[in-house]
Every structure is written in C-alpha cells, then in structure tokens.
Amino acid sequence: TDYYFYNAEMDTQNHEISLVGWDDDIPASNFTVTTDKGTYTPTNPGGWLVKNSYGTYHANEGYVWVSYEDTSLTGVNSYPNVVYAYDFEGVDNYDYNY
C-alpha cells in the first residue's frame, strides 16, 4: 500500500528524510488532505518517494510519497532550513546518475 503526504499549512518539520525517488505522474488528488482548517490538494501532480527517519513502522515500511508542493520541503518554515546532498558514486559510473 502506498502512502501519500501533503503538508499545506506551513508547519515546521523537525526530523530528517531521504529523497530516494520520484514520480511525476501521481495524481494531485492522491495527496488531498483534510485538517481542521480545510481541505487541501496540491495544484500539480507528482511527488518524491521519501525514506522517513521514523523507521520501518511508519507508512509503507518507512517509505511515503510526498507531494512536490509540500510546504515542509520548500524551506519557508522548515527547520533549520537546510538541505544536504551526498554524492556516493562518480558521475562516470553509470549512463544515468540522478
């Protein structure tokens, strides 16, 4: 079972995730969320496949799809507003290295 997440209310996030994939064709409606402030759906389709730092008990063995438009990933209210990227392989090892 796939799990979908969309944080539309500009809440601060406080833990680490790893972006491990993406899918540009996930319908925006898969990310629709209802809170006490209303119902929100991203404007555009697509999302990141995320490995959550909560462990394997959360979502689908620790993996969840997060909308490209998720506010916790935009840096607007993210804490500490830092993104890290690690290069584990040289770019010449594969035909495609994303």
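Note that the coordinates shown come from a computational prediction; the quantities given were computed from them, not determined experimentally.

What counts, and where the lines are drawn
Residues numbered from 1 in each chain as written. Predicted model: local features only at pLDDT ≥ 70, side-chain atom pairs only at ≥ 80, totals over all residues. Heavy atoms only, no water. Helix = DSSP H or I, 4+ residues; strand = E, 2+ residues; numbered from the N terminus. Buried < 20%, exposed > 50% of the residue type's maximum accessible area, 1.4 Å probe, protein only. Contact = heavy atoms within 4.5 Å. Areas by Shrake-Rupley, 256 points an atom, 1.4 Å probe, with all protein chains shown as cover. Phe/Tyr/Trp six-rings, centres within 6.5 Å; stacked < 30°, edge-to-face > 60°. Lys NZ or Arg CZ within 6 Å of the ring centre and 35° of its normal. Pairing = 2+ DSSP bridges. pLDDT = per-residue confidence, 0-100. Lys, Arg positive; Asp, Glu negative; His and termini not counted. Salt bridge = Lys/Arg side-chain N within 4 Å of Asp/Glu carboxyl O. Polar contact = N/O pair within 3.5 Å; in protein donor to acceptor, adjacent residues only side chain to side chain.

J.: Would you take a moment to explain the overall build of the protein chain for this structure?
T.: On a plain count of helices and strands, the protein chain comes out with 0 helices and 6 strands. Taken from the N to the C terminus, the helices and strands of the protein chain come in the order β-β-β-β-β-β. In the protein chain, which comprises 98 residues, the share counted as buried stands at 20%. Taking the contacts inside the protein chain whose residues are at least 6 apart along the sequence as the reference set, 60% of them involve residues at least 24 apart. Roughly 7,200 Å² of accessible area belongs to the protein chain as shown, and the carbon and sulfur atoms make up 49% of that amount.

J.: Quick question: what am I supposed to make of the packing of aromatic side chains here?
T.: For any pair of aromatic rings, geometry is given as the distance between the ring centres together with the angle between the planes. In the structure shown here, the tally under the stated rule is 2 aromatic pairs. Centre to centre, the rings of Trp48 and Tyr68 are 5.2 Å apart; their planes meet at 70°, and the pair counts as edge-to-face. Of this pair, Trp48 sits in strand β5 (residues 47–52) while Tyr68 sits in the segment after β6 (63–67), and the two are 20 residues apart along the sequence. Judged by relative accessible area, which is 29%, Tyr68 ranks as partly exposed. For the cation-ring pair, Lys51 lies above Tyr63, with the distance from its terminal atom to the ring centre recorded as 5.0 Å.

J.: Could you clarify how one ought to interpret the pairing of β5 in this entry?
T.: Each regular strand carries side chains that alternate between the two faces of the sheet. One ladder, built from 6 bridges, connects strand β2 (residues 17–23) with β5; its direction is antiparallel. The residue bridging Leu19 from the neighbouring strand is Val50, located in β5. With 5 bridges joining them, β5 and β6 adopt antiparallel strand pairing. The residue bridging Val50 from the neighbouring strand is Val64, located in β6.

J.: Looking at this structure, I do not really get the sheet that holds β5. What am I missing?
T.: In any sheet, the strands associate via hydrogen bonds between backbone groups, in a parallel or an antiparallel arrangement. The strand order across the open sheet built from 4 strands is β1-β6-β5-β2, with neighbouring strands paired in mixed fashion. The open sheet is flanked by β1 (4–5) and β2, the only strands paired with a single partner.

J.: Could you clarify how one ought to interpret the confidence of the model for the protein chain in this entry?
T.: Parts of the model with low pLDDT should not have their predicted coordinates read in detail. Looking at the protein chain as a whole, its pLDDT mean stands at 78, while 70% of the residues score no less than 70. Taking the mean pLDDT of every element in the protein chain, the minimum, 87, falls on β2 and the maximum, 93, on strand β4 (residues 38–40).

J.: What is the right way to read the side chain of Asp70 from this model?
T.: Tracing the backbone through its elements, the reader meets Asp70 in the segment after β6. Put simply, Asp70 is tucked away with no salt bridge, and the nearest opposite charge, on Lys37, sits 14 Å away. Among the polar contacts listed, one links the side chain of Asp70 to the backbone nitrogen of Asn7, at a separation of 2.6 Å. Beyond its immediate stretch of four places on either side in the chain, Asp70 contacts Phe5, Tyr6 and Asn7.

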